[in-house]
Amino acid sequence: MRYAILEEEYPNSMIPFSLTRPSFELIYGYRRILDWFREKLGDPSGFILPERFREKYGSNRKWQDFDLVVNSTVKPEMLDKLIELKDGTSLYENGRPVAIKGEERGSRKIPVSGYLMQGPWELLKALKNPTFTKSRIEGNVESYVVIDDSAGPVIIENGSHVEAFSKIIGPAYISSGSRISSARISGSYIGRGCRIGGEVERSIIDDYTNKAHYGFVGDTYIGSFVNVGAGSTTSNLKNTYGIVRVRIGNSTLSTGEVKMGSFIGDFAKISINTSIMAGKIIGAGAYVSGTVSKNVKPFTFFNRKGNLELIIEHIRRAMSRRNMPLDRPLESIIRGAYHIVWGK
């Protein structure tokens, strides 16, 4: 069966992350969503993507080129149900396409619920259900480190390093190339090549992000190549103990959780001693400081429109510190994302 993964146009339910990468590149249940697709449906035959992603992923295909088209934000545990979808059937959830089998035009449209992720907080909720069942310690772990897997397994990949006086509480996943500096990490996923200190609780910190110093990150998703300055903290609990709500576009959505932190897009820079209120979104490439009490527009430089060429130069510098080039496809994505937000 030839199937494609569909990425909806921005803004969609996976902001701020979907501005600079397709949603299938995000972490769900300690794994990339794309890996879930491969496990459940096999390798995709292609992608149907917004224009800014096409150079990197090589896709300008149409719906009719595939037997099955699946939305990139379908919850991985629902993918099995799509295998038996009959030809000429389309599933829609609140007007959003879930899956289309065969020709979309003239298909039988069936309304469904519970298939699509409604916001990035659902990525964090999936941390409660790790896909691994046994601890595996392959990295370099110094003396005087506590690894507590009584509540869930702990994986420390080969090539990672955990310094003395750190405590890792499962379920937790430390990816290759990351360095944990006398930190306390619980119920969290740490991506490749990260530098982590302080306290991280029930959070996802994606590849090549720095949070090397003291400060608390709780119930938060931090994108790639983000720098979190010393003393910065994400609040994950309202003083009223009420449900945390997140504003996406013109809608304010309930996360259904009393504890929920923030969502920080790729390439953002968080200055030292920054306080980020619960449920706030910091857009890709934004620079923030002080107290963040409302959402921050992507590519802003301390509440002003950022200069595109300077932003690209800063990203190039950050990537070079990990010996990684800013290649043309990624630069094209950044330029396209900037123009979506600020115009040409």
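The structure displayed is predicted, hence computed values, not measured ones. (Residues numbered from 1 in each chain as written. Predicted model: local features only at pLDDT ≥ 70, side-chain atom pairs only at ≥ 80, totals over all residues. Heavy atoms only, no water.)

Participant: I'd like a description of the sheet that holds strand 7 (residues 96–101), backed by residues and values.
Facilitator: If you walk across this open sheet you meet the six strands as 4-1-5-7-6-8, and the pairing is mixed. Since the sheet does not close on itself, it has two edges, and those belong to strand 4 (46–48) and strand 8 (108–111), each with one partner. Averaged over all pairs of adjacent strands, the angle between strand axes in this sheet comes to 25 degrees, irrespective of strand direction. Each of strand 1 (3–6), strand 4 and strand 5 (68–71) is contacted by helix 1 (residues 33–41), which is oriented at about 155 degrees to strand 1, the strand it contacts most. (Pairing = 2+ DSSP bridges. Helix = DSSP H or I, 4+ residues; strand = E, 2+ residues; numbered from the N terminus. Axes fitted to C-alpha atoms, helices over the stretch in contact; angles between N-to-C directions. Contact = heavy atoms within 4.5 Å.)

Participant: Now, about the side chain of Thr73: what can you tell me, with residues and values included?
Facilitator: With respect to the secondary-structure elements, Thr73 resides in the loop between strand 5 and strand 6 (89–93). Only 2.9 Å separates the side chain of Thr73 from the side chain of Asn71, close enough to count as a polar contact. In this structure, Thr73 is in contact with Glu8, Ser13, Met14, Ser23, Arg96, Tyr115, Leu116 and Met117, ignoring residues within four places of it in sequence. (Polar contact = N/O pair within 3.5 Å; in protein donor to acceptor, adjacent residues only side chain to side chain.)

Participant: Give me the pattern of salt bridges: which residues, what numbers.
Facilitator: The final tally for this structure, using the stated rule, is 25 salt bridges. Two residues, Glu8 and Arg96, come together in a salt bridge whose shortest N-O distance is 2.8 Å. Placement of the pair is Glu8 in the loop between strand 1 and strand 2 (27–28) and Arg96 in strand 7, with a sequence separation of 88 residues. The pair Glu8 / Arg96 is uniform in exposure class, with both members buried. Note that Lys75 is salt-bridged to Glu122, the shortest N-O span being 3.5 Å. Here Lys75 is found in the loop between strand 5 and strand 6, whereas its partner Glu122 is found in helix 3 (residues 121–125), with 47 residues between them in sequence. Taken as a pair, Lys75 and Glu122 share a single burial class, namely buried. Three or more residues joined by partner-sharing salt bridges are found here, namely Arg21, Arg32, Arg192, Asp206, Asp207 and Asp266. (Salt bridge = Lys/Arg side-chain N within 4 Å of Asp/Glu carboxyl O. Buried < 20%, exposed > 50% of the residue type's maximum accessible area, 1.4 Å probe, protein only.)

Participant: Explain the environment of Ile340 to me, using residue names and the numbers behind them.
Facilitator: Tracing the backbone shows Ile340 in helix 5 (residues 328–342). It is 10.0 Å that separates the C-alpha atoms of Ile340 and Pro298, two residues lying 42 residues apart in sequence. Not counting chain neighbours up to four residues away, the residues in contact with Ile340 comprise Tyr10, Leu19 and Arg52.

Participant: Residues and numbers for the nonpolar core, please.
Facilitator: Formed by 70 residues in total, the largest nonpolar core has its most connected members in Leu123, Tyr221 and Phe263. When residues in this core are grouped by element, the largest group, six residues, is from helix 5. When neighbours within four sequence positions are excluded, Tyr221 is seen to be in contact with Phe17, Arg21, Leu26, Ile27, Leu123, Leu124, Ile204, Asp206, Ser262, Phe263 and Ile264. Counting residues in hydrophobic clusters, the runner-up holds 28 residues, among them Ala172, Ile180, Ala286 and Val292. (Core = buried A, V, L, I, M, F, W, Y, C linked by side-chain atoms within 4.5 Å.)

Participant: Outline the packing of aromatic side chains, supporting the account with residue identities and numerical values.
Facilitator: The description of two aromatic rings rests on the distance between their centres and on the angle between their planes. For the coordinates displayed, the defined rule picks out 15 aromatic pairs. With a centroid separation of 5.6 Å and 85 degrees between ring planes, the pair formed by Phe24 and Tyr57 is classed as edge-to-face. Here the residue Phe24 occupies a position in the loop between strand 1 and strand 2, and Tyr57 occupies one in helix 2 (residues 54–57), the gap between them amounting to 33 residues. Judged by its relative accessible area of 0%, Phe24 is buried. Geometrically, the ring pair formed by Tyr30 and Phe132 is edge-to-face, given 5.2 Å between the ring centres and 85 degrees between the ring planes. Residue Tyr30 is found in the loop between strand 2 and strand 3 (31–32), and its partner Phe132 is found in the loop between helix 3 and strand 9 (136–137); the two are separated by 102 residues along the sequence. A relative accessible area of 11% means that Phe132 is categorised as buried. Here the aromatic residues Tyr30, Phe132, Tyr173 and Tyr189 are joined through ring pairs into a cluster of three or more. Directly above the aromatic system of Trp36 lies the positively charged group of Arg31, at a separation of 4.6 Å from the ring centroid. Lying across the ring of Trp342, Lys297 places its NZ or CZ 3.8 Å from the centre. (Phe/Tyr/Trp six-rings, centres within 6.5 Å; stacked < 30°, edge-to-face > 60°. Lys NZ or Arg CZ within 6 Å of the ring centre and 35° of its normal.)

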